[in-house]
Amino acid sequence: MSQDRIEAQAVGGEAVHGEAAHVKAARAEPVRAAAGAAEWTRAPERSNMLALRFIVWMALRCGRPVTRGILHPISLYFLLFSPTARRHIKRYLFRAIGPRAGWGDGYRLLHAFASTVLDRIYFLRGRMELFDVRVSGQAPVEAEVTAGRGAFMLGAHVGSFEALGACRQQKVPTGVAAHDALRLAMLMFTDNAQRIVSVLDAIALPEMRPHVIALGRPHSMLELRDWLDSGGLGGMLADRTLPGAEEQPAQQRGNNVVLPFLGQPATFNDGPFRLAALLRRKVFFMAGLYAGGARYDVQFEPLADFSERLADPAARERRIREAIEAYVARLEALCRQYPYNWFNFHDFWLEDAP
């Protein structure tokens, strides 16, 4: 199976003139570190089109209980024959769980990942009756939708993004049409997962397929602005950086920020928060956590409010810094609480960088 197709990260931000010297220094992230952090985009997707089509056929014909049986050999295969991914999984689990993490924990993580990929098929087919999905924290998001302001939804490679589609089945706010209750556009980087994207898009029901705003395009930010102005939600996965960020114009990039994450310095990008500040929107954390079996816990949590314009550049920089620190803290807490839900199988801490 391929890496998760939701390879997403914000691109955008507003150039700030006359910044303080310490802000400029924070933006001077080494090119080597930035290139290493974006190495995931150059990793070829490990998928076979025939195998993918077979799994989709089996899932739709044989049902979820039967198809889940093949996830065990698939998970074991990748645990045994993907040494690079196994090394990164081991490092992550040592930090999320502790030195007691072993082969069994690596298998559980890979099996959870395979389970969410399989369940994606059923979510995209609208088969919500197969799952026990529990949603919490959605009221503030619904308030933004009702007001027609739109909002930013920041997630990570945690659990299943498609589980968020279950919110369509929830009671919608008064005065909002059912099909408008969760109009979510994903900002995505899809170049390294085109095979599984094409297969899953072919089987998805139109109403279950999220609108996509592709990253790396000149019109991405304008398209997102129009989407938000129409009352839609803009979703991004903010735990990865983009390739070539240092070579892009200032108004088209965010800044790489090194923050402690699970006990080690890690590189994050503040582009999503700069974009939210530029477009003056609220930011929410989102996660569709896989709890085993047929259980998913969908969580929403306020992260930052950029709806009011800040005239002072220094104050805006502080707000952006506080927002990305809050995001990293929330992601770290989820990794410790749900250690088998973070699906980042690359050199996240840049320990293999030359």
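Parameters at a glance
- Residues numbered from 1 in each chain as written.
- Predicted model: local features only at pLDDT ≥ 70, side-chain atom pairs only at ≥ 80, totals over all residues.
- Heavy atoms only, no water.
- Helix = DSSP H or I, 4+ residues; strand = E, 2+ residues; numbered from the N terminus.
- Contact = heavy atoms within 4.5 Å.
- Core = buried A, V, L, I, M, F, W, Y, C linked by side-chain atoms within 4.5 Å.
- Buried < 20%, exposed > 50% of the residue type's maximum accessible area, 1.4 Å probe, protein only.
- Axes fitted to C-alpha atoms, helices over the stretch in contact; angles between N-to-C directions.
- Parallel < 35°, antiparallel > 145°, perpendicular 65-115°, else oblique.
- Left-handed = near helix turned anticlockwise from the far one by under 90°.
- Nonpolar A, V, L, I, M, F, W, Y, C, P; charged D, E, K, R; others polar.
- Pairing = 2+ DSSP bridges.

This paragraph deals with the side chain of N344. Counting through the fold element by element, N344 comes out in the segment after α12 (313–337). The contacts of N344, once residues within four sequence positions are left out, are H157, D239 and R240.

Core analysis: the biggest nonpolar cluster contains 97 residues, and F261, F273 and Y327 have the highest contact counts within it. By residue number, the principal contributor to this core is helix α7 (residues 103–124), which donates eleven residues.

Turning to its location among the elements, T67 is positioned in helix α4 (residues 64–67). In this structure T67 touches I55, M58, A59, C62, L118 and Y122, once residues within four positions along its chain are discounted.

Interhelical geometry of helix α11 (residues 271–279) versus α12 gives an angle of 135° and a closest axis separation of 9 Å. As far as their axial angle goes, α12 and α11 are oblique. As α11 packs across α12, the resulting crossing turns out to be right-handed. When α11 is examined against α12, the residues F273, R274 and A277 are found in contact with a partner set consisting of R316, E317, I320, A323, I324 and Y327. Split into classes, the residues belonging to the contact of α11 with α12 amount to six nonpolar, no polar and three charged.

Ordered by their spatial adjacency, seven strands build an open sheet running β1-β9-β8-β2-β5-β3-β4, and the pairing between neighbours is mixed. Two strands bound the open sheet, and with one partner strand each, they are β1 (132–136) and β4 (211–214). Neighbour-to-neighbour, the strand axes of this sheet turn through a mean angle of 25°, independent of strand direction. Pairing geometry for β1 and strand β9 (residues 295–305), over five bridges, is parallel. What sits directly across from S136, in β9, is Q299. Seen against the sheet, helix α10 (residues 220–229) touches β2 (151–155), β3 (184–188), β4 and β5 (233–237) and runs at an angle of roughly 150° to β4. Against the sheet, α12 makes contact with β2, β8 (282–290) and β9, and its axis sits at roughly 160° relative to β9, the strand it touches most.

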